[in-house]
Amino acid sequence: MTMIDPVPALRDLCGGAVALPGDDGYDAARSGFNLALDQRPAAVAYPADAAEVAEVIHAAKAAGLRVAGQATGHNAAPLGDVSGTVLVKTSGMRRVEIDPAARIARTEAGALWEDVIDAAAPHGLIALHGSSPTVGVTGYSLGGGMGWLARSHGLQANSVTAIELVTADGQQVRTDAQHDPELFWALRGGGGNFGIVTALEFRLFPLREICAGFMLWDWTEAGRIVTAWSEWAKDAPDHVTTSLRIMQLPPLEELPEFLRGRRIVMIDGAVQGDPAVLDPLRALAPELDTFGTVPAPALARLHQDPEDPMPVMADTALIATLPAEAIAELIDLAGPGSGSSLDAVELRQCGGALRRATPGHGAAAGVNADFVLFMGGLVLSHEMAAEKKGRMLEIKAALAPWTNAGHYLNFAEDQVDMSETFSTDAWARLCDVKDRVDPENVIHANHAI
Ligand SMILES: Cc1cc2nc3c(=O)[nH]c(=O)nc-3n(C[C@H](O)[C@H](O)[C@H](O)COP(=O)(O)OP(=O)(O)OC[C@H]3O[C@@H](n4cnc5c(N)ncnc54)[C@H](O)[C@@H]3O)c2cc1C
């Protein structure tokens, strides 16, 4: 392929909404949610629609460059080196339409979960969003998508009913159960490997109110609470989804006094149906228990995830089972007296619908684990980053006897071997689809096939 100077080829795309190295807007354009990253793409393009996405792909290919879809950069770390890649940022494509009768949302590729929550709530409908309102619908849905209704409704990927994308040859394609069902299957779990997604359609569920909240203990109780919660969580009915976090909170004025500078264990979650399911947790005598009926949109901020960009680092593992020895290892490395500097070490409760293959599911059928471990925190210096990374690796090594191979890809902040996540058959299917729709590997995804 003849290399041409990418600058003139890209400069006029998207009505001029392109930032190139050296431009005033380049530094702002290349940054995303995780400020610890220093992504330096060949260009950042802001298309307004699918036709502009196609133009970007054609121009990038002609310049010998790759393209990567990016909404918020919440999972930008595994993209790695983007110096030969045009980032296609979809922040100019955030339109959301709700069909209340069909209970379907249609979102442009740059929509955030808060956009959907706000549009669906007046109709008494809710989507299978996750714990952060500012995560992008597209990346979350292509990677799986595990939220507060996960144990009753499964992964968001499997509530997606149609995906529109521009493939590496510049074609605008609509995929669903009838139209290229193999590509539709691959996209739902195989991530952003197959093209630049321009729109999604997915199911909504009727829900106006829900029982949700948190319970809190001092972290000196960590061993007792993790033991009791994990026993309860394994056999809990599908209508409840919870998370347990060991947290070390900074002494920030912004935090309520009961949290400021404290080390705690927190269980939060949502219950559809009889809240008596929480009785065994209430019997653990939490210092604070806020569970009660709330409007369904309140789930968006139940977890109090950070919404503004910040420098962070995280790691994850699939926990097959959590016997007493595993809990002891975890508390030794992340609990009182451990010397850990991790801001949060979280276990998300799996099982329920996450264990069952939804009919018509995509490549991500479910989550093969009792719990997903997610841990990390703020990194303000190289020393902090090294300390946190070392601690996370130690925890993963200590828990290795109880982990499953593979990854919950949405939480994987490193480049991982994607093949470990899928069955041999599913991996072969994903590779076949990738070879068919992107034989020159033009599309650069966070978790590469
Ligand atoms: C604070 C926080 C809370 C989170 N909570 C949850 C949670 O509760 N449940 C859960 O499952 N996950 C959660 N996640 C993980 C989150 O789902 C992933 O980081 C997800 O990839 C973010 O999607 P995004 O589009 O916002 O991110 P981006 O970094 O913009 O995109 C991630 C990847 O998605 C693909 N992609 C995005 N847009 C396009 C496009 N238009 N075309 C093609 N590919 C595209 C690309 O491969 C891209 O590299 C959380 C992450 C954070 C940081």
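Residues numbered from 1 in each chain as written. Predicted model: local features only at pLDDT ≥ 70, side-chain atom pairs only at ≥ 80, totals over all residues. Heavy atoms only, no water.

- The name given to the protein in an unreviewed UniProt entry is FAD-binding oxidoreductase, and the organism recorded there is Solirubrobacter phytolaccae.
- Quoted verbatim from the Cofactor (unreviewed entry) field of the UniProt record, the comment on the protein reads "FAD".
- Taken from UniProt, the Sequence similarities (unreviewed entry) comment for the protein reads in full: "Belongs to the oxygen-dependent FAD-linked oxidoreductase family." (UniProt positions renumbered as here; feature names shortened; annotations may be inferred.)

Remarks on unusual backbone geometry
Excluding glycine, a negative phi dihedral is what most residues carry, and trans is how most peptide bonds are arranged.
So, step 1. Of note in this structure, Arg103 is not a glycine but carries a positive phi near 55°.
So, step 2. Locating Arg103 in the fold gives a position in the loop between strand 5 (96–99) and strand 6 (104–108).
So, step 3. Judged by relative accessible area, which is 40%, Arg103 ranks as partly exposed.
So, step 4. We note that Ala285 has phi near 55°; this positive angle belongs to a residue other than glycine. (Helix = DSSP H or I, 4+ residues; strand = E, 2+ residues; numbered from the N terminus. Buried < 20%, exposed > 50% of the residue type's maximum accessible area, 1.4 Å probe, protein only.)

Observations regarding the environment of Val88
So, step 1. Within the element layout of this structure, Val88 appears in strand 4 (residues 85–89).
So, step 2. A relative accessible area of 1% means that Val88 is categorised as buried.
So, step 3. When the C-alpha positions of Val88 and Val56 are compared, they lie 7.9 Å apart, and in sequence the two are 32 residues distant.
So, step 4. With residues near it in sequence (within four places) discarded, Val88 still touches Ala45, Pro47, Val56, Val67, Ala68, Gly69, Gln70 and Ile196. (Contact = heavy atoms within 4.5 Å.)

Describing the packing of helix 7 (residues 181–190) against helix 12 (residues 424–437)
So, step 1. Running from N to C, helix 7 and helix 12 point in directions that differ by 110°, and their axes come no closer than 10 Å. What the angle tells us is that helix 7 and helix 12 run roughly perpendicular. Here the hand of the crossing between helix 7 and helix 12 comes out left-handed. From helix 7, Glu182, Leu183, Trp185, Ala186 and Gly190 reach across to helix 12, where they touch Ala426, Arg429, Leu430, Val433, Arg436 and Val437.
So, step 2. Within the contact of helix 7 with helix 12, the residues separate by chemical class into seven nonpolar, one polar and three charged. (Axes fitted to C-alpha atoms, helices over the stretch in contact; angles between N-to-C directions. Parallel < 35°, antiparallel > 145°, perpendicular 65-115°, else oblique. Left-handed = near helix turned anticlockwise from the far one by under 90°. Nonpolar A, V, L, I, M, F, W, Y, C, P; charged D, E, K, R; others polar.)

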